[in-house]
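# Survey of secondary and tertiary structure
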Amino acid sequence: MTPASTPISAPAHVPANPAAPHLREDLLAPRFYTTEIDKAARTYLDLERPAFEAMLGEMEADYNRDHFDRQAPLARWQALSPGEKQAYESYLVRSCVSEFSGFLLFKELSRRLFQAQRQELGRLFQLMARDEARHAGFLNRALVAEGISIDLPSLSSKRPVIWFPLSWVLYSVYLSEKIGYWRYILIDRHLKAHPENAFAPLFDFFEPWCQDENRHGDIFNLLIRCWPQLKRGLRGRLLSRFFL
Ligand SMILES: [Fe+2]
Ligand SMILES: [Fe+2]
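Structure report, in brief. Predicted model, so just to flag it, every value in this text is computed and none were measured.

### Here we look at the coordination of the iron ion (ligand 2)
- Here the iron ion (ligand 2) is held by the protein donor atoms Glu132 (OE), Glu177 (OE), Glu177 (OE), Glu213 (OE) and His216 (ND1), which lie 2.0 to 2.7 Å from it.
- Positions of the donor residues of the iron ion (ligand 2) along the chain correspond to the pattern E-x44-E-x35-E-x2-H.
- Separation of the iron ion (ligand 2) from the iron ion (ligand 1) amounts to 3.5 Å, with Glu132 serving as a shared donor to the pair. Taken as a pair, Glu132 in helix α4 (residues 119-145) and His216 in helix α7 (residues 206-225) lie far apart in primary sequence, 84 residues in all.
- Taking relative accessible area as the criterion, His216 reaches 0% and is therefore assigned buried.

### Here's the deal with the pattern of salt bridges
- In this structure the tally under the stated criterion is 20 salt bridges.
- Note that Glu60 is salt-bridged to Arg123, the shortest N-O span being 2.8 Å. With Glu60 in helix α2 (residues 49-61) and Arg123 in helix α4, the pair connects residues that are 63 residues apart, well separated along the chain.
- For Arg123, a relative accessible area of 28% corresponds to the partly exposed category.
- A salt bridge links Arg65 to Asp62, with the shortest nitrogen-to-oxygen separation between them at 3.6 Å.
- Take Asp62: its relative accessible area is 8%, and that puts it in the buried class.
- Salt bridges sharing common partners tie together Asp62, Arg65, Arg130, Asp131 and Arg134.

### Points about the coordination of the iron ion (ligand 1)
- Listed as protein donors to the iron ion (ligand 1) are Glu99 (OE), Glu132 (OE), His135 (ND1) and Glu213 (OE); their distances from the metal cover 1.9 to 2.2 Å.
- Coordination at the iron ion (ligand 1) is irregular: its 4 donor atoms span angles of 85 to 148° at the metal.
- Mapping the donors of the iron ion (ligand 1) onto the primary sequence yields the spacing E-x32-E-x2-H-x77-E.
- Overall, Glu99 belongs to the buried group, its relative accessible area being 0%.
- Look at His135 and you get buried, because its relative accessible area is 0%.

Cut-offs and rules
Residues numbered from 1 in each chain as written. Chains lettered and ligands numbered in written order. Predicted model: local features only at pLDDT ≥ 70, side-chain atom pairs only at ≥ 80, totals over all residues. Heavy atoms only, no water. Donors = N, O, S within 2.8 Å, 3.2 Å for Na, K, Ca; no water. Helix = DSSP H or I, 4+ residues; strand = E, 2+ residues; numbered from the N terminus. Buried < 20%, exposed > 50% of the residue type's maximum accessible area, 1.4 Å probe, protein only. Salt bridge = Lys/Arg side-chain N within 4 Å of Asp/Glu carboxyl O. Tetrahedral: all angles 85-135°; square planar, octahedral: opposite > 155°, others 65-115°.

Now the structure itself:
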């Protein structure tokens, strides 16, 4: 997952791209991001070395390696009313684009961090990009089962890429990953309590999926701690209180 959306100017009723239904240009449309990658390459990991080693070890362990089965059928089990169908498809499109946006951001960070000889950091982002690519691919397969195809690479080249300072990316991706975690786990808990509402096999995959997002959130928490100035002063204290 990637940072929350930013306002743009197109009217809310105009689809962004006829090939990508449910992607209206409104406040909640997922976007693509980049940041100060040269600055990210100066991340002072030694401040958090034990936590970093632990997180890298968890990512290398790849607990969900076999979870996102490419052969698993994802077609809906139940018919939906037109309104429900619209809501489900909109959810799939937004989630898929937002997972793909995370993949692109992490992949670019990984590539540039390797170039900057930050092997360990580059590897960490490479592993997060691996997870987001799996998530986006899975959602894309659920969309194909709905008869919708989205050309993600061409979509990313058509939509504007938004630049954020590194600190904003650290804060907003941290929040976005934790929100992603809660979204997947709350849907999972709701459907376990109300199995009659589980109308698609996709939802069966959410419990381990949410753990990927939780790990990504923990990694961004760690990266924030590698920049002590982000926590200092009135601004730092207010931000810490906000996150708590
Ligand atoms: Fe994800
Ligand atoms: Fe994530």
